[in-house]
Amino acid sequence: MESTFLQENVFFIIAAVMSGGMLLWPMLSRNSAKEIDVQKAIRFINYENAVILDVRNDREYAEGHPPNAKHISVEDIKERWHELEKFQDKPIVVIFQPGLRAGHAGAVLRKNGFKKVYNLNGGIDTWRRENLPIVKDR
């Protein structure tokens, strides 16, 4: 039986591919927002005048949201991120419905020059579980 180069060096090839992926990962994930717990979010809000950005859809937002939260649904963030430009130097705490939406919003903001973008770990579920204030629009 004749073996080929790939068969004889499969482990080296796998190691090279994995090493390359590990080197590229920080560059690929750089645009996403860092996750923070609720205590850190409250500190940002109280001491650094952080902006709460709720990226849930209109129905979810209307069911209840943190007081003074800015609402831009994740579907609209690419077109409406400029509405937050005046807050570019403040921390932005992204509130979301658990899933993939928050990562996308954070990536859009960081791509457009926002340096202090944080996702609340667990999103609105964590906010509610901690009995933090929720308001409803009338």
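What counts as what
- Residues numbered from 1 in each chain as written.
- Predicted model: local features only at pLDDT ≥ 70, side-chain atom pairs only at ≥ 80, totals over all residues.
- Heavy atoms only, no water.
- Pairing = 2+ DSSP bridges.
- Helix = DSSP H or I, 4+ residues; strand = E, 2+ residues; numbered from the N terminus.
- Contact = heavy atoms within 4.5 Å.
- Axes fitted to C-alpha atoms, helices over the stretch in contact; angles between N-to-C directions.
- Salt bridge = Lys/Arg side-chain N within 4 Å of Asp/Glu carboxyl O.
- Buried < 20%, exposed > 50% of the residue type's maximum accessible area, 1.4 Å probe, protein only.
- Arc of directions from axis to C-beta.
- Phe/Tyr/Trp six-rings, centres within 6.5 Å; stacked < 30°, edge-to-face > 60°.
- pLDDT = per-residue confidence, 0-100.

Draft legend 1. The sheet that holds strand β1 (residues 34–36), seen in detail. Taking strand neighbours across the sheet as the criterion, the five strands line up as β1-β5-β4-β2-β3 in an open arrangement whose pairing is parallel. If you trace the sheet from one side to the other, it starts and ends with β1 and β3 (70–71), each paired once. For strand β4 (residues 92–95) and strand β5 (residues 117–120), the ladder comprises three bridges, and the chain directions are parallel. Opposite valine 93, over in β5, you have tyrosine 118 as the bridge partner. Packed onto the sheet, helix α3 (residues 38–48) meets β1, β2 (51–54), β4 and β5 and runs at close to 95 degrees relative to β1.

Draft legend 2. Quick peek at the pattern of salt bridges. Per the stated rule, a full pass over the model turns up three salt bridges. One salt bridge connects aspartate 54 with arginine 56, and the closest N-O pair in it is separated by 2.8 Å. Residue glutamate 63 pairs with arginine 59 through a salt bridge whose shortest N-O separation is 2.9 Å.

Draft legend 3. Layout of α3. Taken as a whole, α3 has its buried residues at Val38, Ala41 and Phe44. The arc enclosing the buried residues of α3, seen along the axis, measures out at 120 degrees, which places them on a common side. In this structure, α3 carries Asn46 and Tyr47 as exposed residues pointing more than 90 degrees from its buried face. At the C-terminal side of α3, asparagine 49 shows a positive phi close to 50 degrees.

Draft legend 4. The packing of aromatic side chains, seen in detail. Counting across every chain of the model gives two aromatic pairs. When the centroid spacing of 4.7 Å and the interplanar angle of 25 degrees are considered together, the rings of phenylalanine 44 and tyrosine 118 count as stacked. Separated by 74 residues along the polypeptide, phenylalanine 44 in helix α3 and tyrosine 118 in strand β5 bring together distant segments of the chain.

Draft legend 5. Region of interest: the confidence of the model for the protein. Looking at the protein, pLDDT values average 87 and 88% of them are 70 or higher. Per-element confidence in the protein ranges from a low mean pLDDT of 73 for helix α2 (residues 10–29) to a high of 97 for β3.

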